[in-house]
Amino acid sequence: MMKMMLDLAKMLLEAAEKKAKEMGLAEDIAIVDDGANLVAFHRMDHARIGGIDIAQNKAWTSVALQMPTSNLTRTAQPGQPSFGINTTNQGRVVILGGGIPLKAGDFIIGGIGVSGGTSEQDIQVAEAAVQAFERWMQRSDLRSISFRIGSNPS
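Sequence order as written defines the numbering, with residues in each chain counted from 1. Predicted model: local features are reported for residues with pLDDT of at least 70 only, side-chain atom pairs are reported and counted for 80 or more only, and whole-chain, interface and lining totals are derived from all residues. Note that water and hydrogens are dropped before the side-chain values are worked out from all heavy atoms of the structure.

With an unreviewed UniProt entry as reference, the chain is termed Cobalamin adenosyltransferase, source organism Paenibacillus rhizosphaerae.

Okay, here's the thing in structure tokens:
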């Protein structure tokens, strides 16, 4: 099964940092695995320390809820179906844009969380890493990867 490994996470951090620099931003960037566990984190020079937890929690949210955090922005407003969701899970659920799950087909491999700009800017930086992930997937020989539920057949 495909896993989020450190080398891949570092490549994704590099892609996100490059985009952030192009945009003139100082970002906190987190990469988590399919269990939402931190694999790699990068705090760019002059990035806000408050963004450290936000970036990690955006990545966590994207995997835990299996969707981009920007999807929650609208649905978590007062009167909407997910209102209050950001108060669950010990406050880890982030409803700001910038967290995106990384998928291989229908399977979540990990997630990225970015904090430091506006939600729209954070989304753009995260999407640069998603695009790098998709390019990496196209170059990788995914035919040798099998996704199996349960035990191996005998």
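With that settled, the discussion passes to the overall build of the chain. Helix and strand definitions here come from DSSP, where helices need a minimum of 4 consecutive H or I residues and strands a minimum of 2 consecutive E residues; each element is numbered from the N-terminal end. Looking only at helices and strands, the chain has four helices and four strands in total. What you see in the chain, going N to C, is helices and strands ordered as α-β-β-α-α-β-β-α. By its C-alpha atoms, the chain is 50 × 35 × 20 Å across when sized along the principal axes. Whether a residue is buried, partly exposed or exposed follows from its accessible area with a 1.4 Å probe, protein chains only, as a fraction of its type maximum: under 20%, in between, or over 50%, in that order. Here the chain, with 154 residues, has 40% of them falling under the buried criterion. Residue contacts are defined here by distance: any two heavy atoms, one from each residue, within 4.5 Å place the two residues in contact. Of all intrachain contacts in the chain linking residues separated by at least 6 positions in sequence, the fraction that spans at least 24 positions is 62%. With the model as given, the accessible surface of the chain reaches about 8,600 Å², and the carbon-plus-sulfur share is 49%. Separation of charge centres in the chain, based on 15 positive and 16 negative side chains, amounts to 2 Å. Computed with a 1.4 Å probe, the accessible areas rest on the Shrake-Rupley method; for each residue, only the protein chains presented here act as cover. For this count, His and the chain ends are skipped, Lys and Arg are scored as positive, and Asp and Glu as negative. We put the charge of a Lys on NZ, of an Arg on CZ, of an Asp on CG and of a Glu on CD.

We now examine helix H4 (residues 119–139). Take the residue count of a helix, subtract one, and multiply by 1.5 Å to get its expected span. Given a rise of 1.5 Å per residue, 21 residues ought to cover 30 Å, and the 30 Å separating the end C-alpha atoms of H4 matches this to within 8%. Buried residues of H4: Asp122, Ile123, Val125, Ala126, Ala128, Ala129, Val130, Ala132, Phe133 and Met137, and no others. Buried residues along H4 sit against helix H1 (6–22), helix H2 (50–64), helix H3 (70–75), strand S3 (99–104) and strand S4 (107–115).

A word on the sheet that holds S4. Read from one edge of the open sheet, four strands run S2-S1-S4-S3, paired in antiparallel fashion. Edge strands, defined here as strands with exactly one partner in the open sheet, are strand S2 (38–43) and S3. With strand direction ignored, the average angle separating the axes of adjacent strands in the sheet is 15°. Note on definitions: angles span 0 to 180 degrees between N-to-C directions of axes, and those axes are lines fitted to C-alpha atoms, for helices only across the stretch in contact. On the sheet, H1 packs against strand S1 (28–33), S2, S3 and S4 and is oriented at approximately 30° with respect to S2. Where H2 meets the sheet, its contacts fall on S1, S2, S3 and S4, and the angle it forms with S4 comes to roughly 155°. Pairing between strands is defined by DSSP: at least two bridges between the two strands are required.

Let's shift gears to the nonpolar core. A general tendency of soluble globular proteins is for nonpolar side chains to be buried together. In these notes, a set of buried Ala, Val, Leu, Ile, Met, Phe, Trp, Tyr and Cys residues joined through side-chain atoms within 4.5 Å is what counts as a nonpolar core. Counting 27 residues, the largest nonpolar core has Met4, Leu12, Ile29, Ile31, Ile112 and Phe133 as the members making the most contacts within it. Breaking this core down by element, the ones donating at least two residues are H1, S1, S3, S4 and H4. Ignoring sequence-local partners within four residues, the contact set of Ile31 consists of Met4, Ala9, Leu12, Leu13, Asn37, Leu38, Val39, Ala40, Gly111 and Ile112. Core analysis: the next-biggest nonpolar cluster, separate from the first, contains twelve residues, Val32, Ala59, Ala76 and Val93 among them.

Right, let's talk about the side chain of Asp33 for a bit. Along the chain, the position of Asp33 falls in strand S1. Buried charge Asp33 goes without a salt bridge, the closest partner of opposite sign being Lys3 at 6.6 Å. Contacts described as polar in this section are N or O atom pairs within 3.5 Å, which, within protein, must combine one atom able to donate a hydrogen with one able to accept it, while residues neighboring in sequence count only if both atoms come from side chains. There is a polar contact of 2.9 Å between the side chain of Asp33 and the backbone nitrogen of Gly35. In this structure the side chain of Asp33 is engaged in a polar contact, spanning 2.9 Å, whose partner is the backbone nitrogen of Asn37. Once residues within four sequence positions are removed from consideration, Asp33 is found in contact with Met4, Val39, Val63, Ile109 and Gly110. By definition here, a salt bridge exists when the distance from a side-chain nitrogen of Lys or Arg to a carboxyl oxygen of Asp or Glu is within 4 Å.

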